[in-house]
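Here is how the chains run, residue by residue.
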Amino acid sequence: MKLLALSGSLRARSSNGAVVRSALALVDGPTATADIGSLPHFNPDLDGEGATPPAPVAALRTAVADADAVLIVSPEYAHGAPGTLKNALDWLVSSAELMHKPVALITASPSPTGGDYAHAQLRETLRMLTAEVVTAACREIPAIGAKIDRATERVADEATLADLRTAMSHLAAAVTAATEHAAAADA
Ligand SMILES: Cc1cc2nc3c(=O)[nH]c(=O)nc-3n(C[C@H](O)[C@H](O)[C@H](O)COP(=O)(O)O)c2cc1C
């Protein structure tokens, strides 16, 4: 599985960034992380007919199109999804690279709820984008702070790591199923 990750946190020592690194390390296949912090604010005027999309937008779209699946890992801010992440998803609405793309959505928060408000908002946005959100690969991770090893900036909690492995294997299975479905349709 060729997997692209998007993190909703821009913090250098982000817990969600640690979840991304740990999850990508569990995947069999090439992985990459998108730079969504350099995207301009979404403006349809920059993206309409005859317009050339800004370079970071074009790069994001190419990266999503090239990936077999997308992993989105995000904190919750003010009971919602981070603006940076919603901005990135807004840039993908009209270009449609996420359409039918298998997606794993993980929210991680120090709170006991695991960022459930952000999770629900992002899930609804992904539904609108007609991404294939793979429910078995989605997680809300509570109390994330205690689960990170600050020396390595990776997930250290064994149960969380095992669960991330399970989530990534469900995502890979969805990619395999989608590939087989496409091959059967072509035959
Ligand atoms: C402005 C602000 C608002 C926040 N709002 C929420 C919130 O609504 N729910 C929540 O669970 N955590 C909230 N948090 C805590 C974040 O989940 C926490 O800072 C988390 O570590 C951020 O993710 P990161 O470590 O990946 O950067 C908020 C943090 C900040 C700075």
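Predicted, not measured: the structure shown is a model, and the values here were computed from it.

Moving on, we come to the overall build of the chain. Each helix and strand in the chain was counted, giving five helices and eight strands. Along the chain, helices (α) and strands (β) appear in the sequence β-α-β-α-β-α-β-α-β-β-β-β-α when read from the amino end. Taken over C-alpha atoms, the radius of gyration comes to 16 Å for the chain, in line with the 16 Å a tight globule of 187 residues would show. Reported as C-alpha extents along the three principal axes, the dimensions of the chain are approximately 50 × 40 × 25 Å. Here the chain holds 187 residues, and 44% of them are scored as buried. Taking the intrachain contacts of the chain between residues at least 6 apart in sequence as the baseline, contacts between residues at least 24 apart amount to 78%.

A complete count under the given rule lists six salt bridges for this structure. Of the charged contacts in the structure, one is a salt bridge between Arg127 and Glu124, with a shortest N-O distance of 2.9 Å. Placement of both Arg127 and Glu124 in helix 4 (residues 116-128) is noted, with a separation of three residues, approximately one turn of the helix. Arg127 sits in the exposed class, given a relative accessible area of 58%. Given the relative accessible area of 43%, Glu124 is considered partly exposed.

On to the UniProt feature "domain: NADPH-dependent FMN reductase-like" (unreviewed entry) in the chain, then. Mapped onto this numbering, the UniProt entry gives "domain: NADPH-dependent FMN reductase-like" (unreviewed entry) at residues 1-136. Across residues 1-136 one finds 33% helix and 17% strand; the C-alpha atoms that close the span lie 16 Å apart.

Turning next to the site of the ligand. Taken together, 13 residues surround the ligand, and among them Ser9, Ser14, Glu76, His79 and Ser109 come closest. Within the contact set of the ligand, an oxygen atom lies 2.8 Å away from a side-chain nitrogen or oxygen of Arg11. The contact in question runs from a nitrogen atom of the ligand to an N or O atom on the side chain of Glu76, over 2.7 Å. Contact with the protein chains removes 64% of the 620 Å² of surface that the ligand exposes when unbound. A class-by-class count of the residues in the shell around the ligand yields four nonpolar, seven polar and two charged.

In this structure, Lys147 sits in the loop between strand 6 (139-141) and strand 7 (148-149). Lys147 sits 129 residues away from Ala18 along the chain, and the two C-alpha atoms are 9.8 Å apart. Leaving out residues up to four positions away in the same chain, Lys147 has contacts with Ile141, Pro142, Arg154, Val155, Ala156, Asp157 and Thr160.

So, about the packing of aromatic side chains. The relation between two aromatic rings is expressed through the spacing of the ring centres and the mutual angle of the planes. Inspection of every chain in the model, using the stated rule, returns one aromatic pair. With a centroid separation of 4.9 Å and an interplanar angle of 85°, the aromatic rings of Phe42 and Trp91 are classed as edge-to-face. Of this pair, Phe42 sits in the loop between strand 2 (31-33) and helix 2 (55-66) while Trp91 sits in helix 3 (residues 83-91), and the two are 49 residues apart along the sequence.

Counting 27 residues, the largest nonpolar core has Leu3, Val19, Leu71, Ile106, Met168 and Leu171 as its most contacted members. Listed by contribution, the elements that provide at least two residues to this core are strand 1 (3-7), helix 1 (15-25), strand 3 (69-74), strand 4 (102-108) and helix 5 (158-186). Broken down by element, this core gets its largest block of residues, six residues, from helix 5. Those residues in contact with Met168 that lie beyond four places of it in its chain are Met1, Leu3, Ala23, Val27, Leu71, Ala104 and Ile106.

Thresholds, definitions, all that
Residues numbered from 1 in each chain as written. Predicted model: local features only at pLDDT ≥ 70, side-chain atom pairs only at ≥ 80, totals over all residues. Heavy atoms only, no water. Helix = DSSP H or I, 4+ residues; strand = E, 2+ residues; numbered from the N terminus. Rg over C-alpha atoms; globule rule 2.2 N^0.38 Å. Buried < 20%, exposed > 50% of the residue type's maximum accessible area, 1.4 Å probe, protein only. Contact = heavy atoms within 4.5 Å. Salt bridge = Lys/Arg side-chain N within 4 Å of Asp/Glu carboxyl O. UniProt positions renumbered as here; feature names shortened; annotations may be inferred. Near = heavy atom within 4 Å. Polar contact = N/O pair within 3.5 Å; in protein donor to acceptor, adjacent residues only side chain to side chain. Areas by Shrake-Rupley, 256 points an atom, 1.4 Å probe, with all protein chains shown as cover. Nonpolar A, V, L, I, M, F, W, Y, C, P; charged D, E, K, R; others polar. Phe/Tyr/Trp six-rings, centres within 6.5 Å; stacked < 30°, edge-to-face > 60°. Core = buried A, V, L, I, M, F, W, Y, C linked by side-chain atoms within 4.5 Å.

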